[in-house]
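Structural overview
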Amino acid sequence: MARPHIEPFVDRDVPFKKMTLPGFPKGMQYKMLSIDTDNGACSMTVLFEPGYKQPPGMSYTEYELFIMTGSITVGEKVHGPGSYLFVPAGVAIEALTSPRGATGLLFYNHGEPSFVESDSDHPRAERDRFAAVNAYENMQWTSTNFFPATAPGCLVKVLRFDQRTHAFTFLYCMTPNFWQDNISYHDCVEEAYHIWGTSWMMQFGDLPTGGYFWRPPYINHGAFGCKLGTLAIGRTDSQLYNHFHFNPWTTPEENQERAASRLLHRNPELYKWVNTHGHNHPIDFDYDHGHAHGDTPHHHGDGRVDHGHKKKKRRRR
Amino acid sequence: MKAIPHKRSREVEAWLKKELVEQKKRYKKIVAEQDALAPKRDKWVAEFLQRIQTRGTHVHWDQMRKVRPEEIPVKPKRKFRVVF
């Protein structure tokens, strides 16, 4: 995911724009939060105008939709504030309407926004991955399950968890007077949007309602504080591990070195294998052996994981 | 299947190009705003480095430890960047 470090950005400072991409019906507006320079994947605040009507249809990329205010109706089901939908690529959803209007967040994960009118799924669609939940009404706050953990007073509701990458989408809240006196960074991309409330980070200052960030891996953030409470939605692209420290001036490169060193101490056998195995191409028996397609980063003992392979036919077992 | 291969129309390519140009402007504005925040940030950092010696730094959940004076890092000469 190639997006620049966008932090902080407050969408309340910019106006909505009309969505003019082919396929999208009239009546949808958006504010771009961040966009991938390679594949057009993006995160947007969206506004469905009162009376918005969208026929049944699908997108070429998976997307996530979170409703903040108002409501939408998909088929006969009404999705009000707190509703979250995960729609895999090619899955056709029923007609979407918004009689009184709505605002939400729309995340296109692996390609530019697209809408193709269709009342049936694309042949390659994985409908079983579709998910919908109302996070305000049907989920309860839990402590984070990270080790090391964030300080008490930061609670989460996990909306989606990818079992392979451990990427997840979650609501989080900070209770009034939350504070955490350390500096954190992660091995993953972290993205968040403030639905309500203001929190503070030592690097960036206050992030108010409508505040947003897209933060690439290994970038320092924290210490943290929140006076009156905050409700936000967050996402990662892989496992979130809290690398805590207290040096405000380290660079992402230094943080990455430290993360590798910590891997050596936490997972010595795995580290040794990754470093010394002749081929260094981890195979997950749960999934396709990507090497046949050259689509999995790996190296041949020289540490260069950016090389490619020509497509080969898949091996038969 | 994260995305289904498809061909982009000219309109889509033009839309993407425009959004990427706007994002570059957004990024530059953020960098400028964050550079302007430097004096406040320096003060916040000084207060943080003081607090972790008296109240402590979080290491896990509610567990904290006090940082010894000799552990306090020294500010390097390079520019203090927070946006990368």
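Structure: see above.
Residues numbered from 1 in each chain as written. Chains lettered and ligands numbered in written order. Predicted model: local features only at pLDDT ≥ 70, side-chain atom pairs only at ≥ 80, totals over all residues. Heavy atoms only, no water.

1. Considering the environment of Met68 of chain A
Residue and element names in this part refer to chain A. As a reminder, the rule being used: Helix and strand labels come from DSSP, where a helix needs a run of H or I of at least four residues and a strand needs a run of E of at least two; each type is numbered from the N terminus. By definition in these notes, contact holds between two residues if any of their heavy atoms fall within 4.5 Å.
Inspection of the secondary structure assignment puts Met68 in strand β7 (residues 63-70). Sequence separation of Met68 and Ile195 is 127 residues, and the distance between their C-alpha atoms is 7.2 Å. Among residues more than four places away in sequence, those in contact with Met68 are Thr45, Pro81, Thr103, Gly104, Leu105, Tyr193 and Ile195.

2. Topic: the sheet that holds strand β11 (residues 96-98) of chain A
Strand pairing in a sheet takes place through backbone hydrogen bonds and is either antiparallel or parallel in direction. Residues and elements named next belong to chain A. Filter applied, for reference: A pair of strands is labelled paired if DSSP reports no fewer than 2 bridges between them. Only C-alpha atoms enter the line fits that serve as axes; for helices the fit covers just the stretch in contact. Angles between N-to-C directions range over 0 to 180 degrees.
Spatial strand order, β5-β11-β8-β9: 4 strands in an open sheet with antiparallel pairing. Strands with a single pairing partner mark the edges of an open sheet, and in this sheet they are β5 (52-54) and β9 (77-79). Strand-to-strand, the axes of this sheet are offset by a mean angle of 20°, without reference to chain direction. Pairing of β5 with β11 involves 3 bridges; the strand directions are antiparallel. Following the sheet pairing, Tyr52 is matched in β11 by Ser98.

3. Examining the state of the cysteines
Note the threshold: We call a pair of cysteine sulfur atoms a disulfide when they lie within 2.5 Å.
A full pass over the atoms with the stated rule returns 0 disulfides over all chains. Free of any disulfide, Cys188 of chain A has its nearest neighbouring cysteine sulfur in Cys154 of chain A, separated by 14 Å.

4. Let's talk about the side chain of Thr61 of chain A
Rules: Note on classification: 1.4 Å probe, protein chains only; a residue is buried when its accessible area is under 20% of the maximum for its type, exposed when over 50%, partly exposed between these limits. Pairs of N or O atoms are called polar contacts if they sit within 3.5 Å, as long as, within protein, a hydrogen donor faces a hydrogen acceptor (for residues adjacent in sequence, only side-chain-to-side-chain pairs).
Relative to the assigned elements, Thr61 of chain A resides in the loop between β6 (57-58) and β7. Owing to a relative accessible area of 1%, Thr61 of chain A belongs among the buried residues under this scheme. Looking at Thr61 of chain A, its side chain comes within polar contact range of the main-chain nitrogen of His110 of chain A, at 2.9 Å. The contacts of Thr61 of chain A, once residues within four sequence positions are left out, are Val87, Ala89, Tyr108, Asn109, His110, Gly111, Glu112 and Ser114 of chain A together with Lys2 and Ala3 of chain B.

5. Considering the side chain of Glu7 of chain A
Note on placement: Glu7 of chain A falls in strand β1 (residues 6-10). Separated by 2.8 Å, the side chains of Glu7 of chain A and His5 of chain A make a polar contact. Among the polar contacts made by the side chain of Glu7 of chain A, one reaches the side chain of Arg215 of chain A at a distance of 2.7 Å. For Glu7 of chain A, the residues in contact, after removing those within four places along its chain, are Met201, Phe204, Tyr212, Phe213 and Arg215 of chain A together with Ile30, Gln34 and Val83 of chain B.

6. Let's talk about the interface of chain A and chain B
Selection rule: Two parts lose some accessible area (1.4 Å probe) when they are put together, and adding that loss for both gives the buried area. Each reported salt bridge corresponds to a side-chain nitrogen of Lys or Arg within 4 Å of a carboxyl oxygen of Asp or Glu.
Each partner contributes residues to the interface: chain A has 63 residues there, and chain B has 49 residues. Around 5000 Å² of area is buried between chain A and chain B when both sides are counted, 65% of it from carbon and sulfur atoms. Of all residues in chain A, Asp181, Phe246 and Trp249 of chain A bury the most surface against chain B, accounting for 18% of the area lost on that side. At the junction of chain A with chain B, the criterion picks out 6 salt bridges. Between Arg78 of chain B and Glu254 of chain A there is a salt bridge, with its nearest N and O atoms 3.1 Å apart. Inspection of the chain A/chain B interface yields 22 residue pairs in polar contact (both at pLDDT 80 or more). Those elements that place two or more of their residues in the side of chain A that touches chain B are β1, β3 (28-35), β18 (178-180), β21 (199-201) and α2 (252-266) of chain A.

7. Side note on the sheet that holds strand β25 (residues 230-236) of chain A
Residues and elements named next belong to chain A. The strand order β1-β23-β20-β25-β17-β16-β15 describes an open sheet built from 7 strands, whose pairing is antiparallel. Two strands close off the open sheet at either side, each with one partner strand: β1 and β15 (142-143). Sheet analysis places β15 next to strand β16 (residues 154-161), joined by 2 bridges and oriented antiparallel. Along β16, the bridge assignment pairs Thr142 with Val156.

8. Details of the pattern of salt bridges
All told, the structure shown has 23 salt bridges over all chains when counted by the stated rule. The partner of Glu191 of chain A in a salt bridge is Arg235 of chain A, and the shortest N-O contact between them spans 2.7 Å. Of this pair, Glu191 of chain A sits in strand β20 (residues 190-197) while Arg235 of chain A sits in strand β25, placing them 44 residues apart in sequence. Judged by relative accessible area, Arg235 of chain A falls into the buried class, the value being 8%. Linking Glu71 of chain B and Arg68 of chain B is a salt bridge whose minimum nitrogen-to-oxygen distance equals 3.9 Å.

9. Quick look at empty space enclosed by the protein
Residue and element names in this part refer to chain A. Using the following cut-off: Buriedness for pockets is judged along seven lines, at least five of which must meet protein on both sides within 12 Å for an open set on the 1 Å grid over protein atoms alone, while cavities are sets there where a 1.4 Å probe fits but cannot get out, and lining residues have an atom within 4 Å of a point. Grid points are joined across faces, edges and corners, and a volume is the space filled by probe spheres set on the points. Gly is put with the polar residues, along with every residue not named as nonpolar or charged; the nonpolar set is Ala, Val, Leu, Ile, Met, Phe, Trp, Tyr, Cys and Pro, and the charged set is Asp, Glu, Lys and Arg.
Following the criterion strictly, the structure yields 4 cavities of 30 Å³ or more and no others. Thr150, Cys154, Tyr172, Glu190 and Phe224 are, among the 25 residues lining the largest cavity, the residues nearest its centre. Looking at the lining of the largest cavity, the elements with two or more residues in it are β16, β17 (168-174), β18, β20, β21, β23 (211-215) and β24 (224-226). Class assignment for the residues of the lining of the largest cavity results in 13 nonpolar, 10 polar and 2 charged. Of the pockets and cavities examined, the second largest cavity occupies roughly 160 Å³. Looking at the second largest cavity, it is lined by 17 residues, and the ones nearest its centre are Gln54, Tyr63, Leu96, Leu106 and Tyr108. Secondary-structure elements contributing two or more residues to the lining of the second largest cavity are β6, β7, β10 (83-87) and β12 (102-108). Split by residue class, the lining of the second largest cavity holds 13 nonpolar, 4 polar and no charged.

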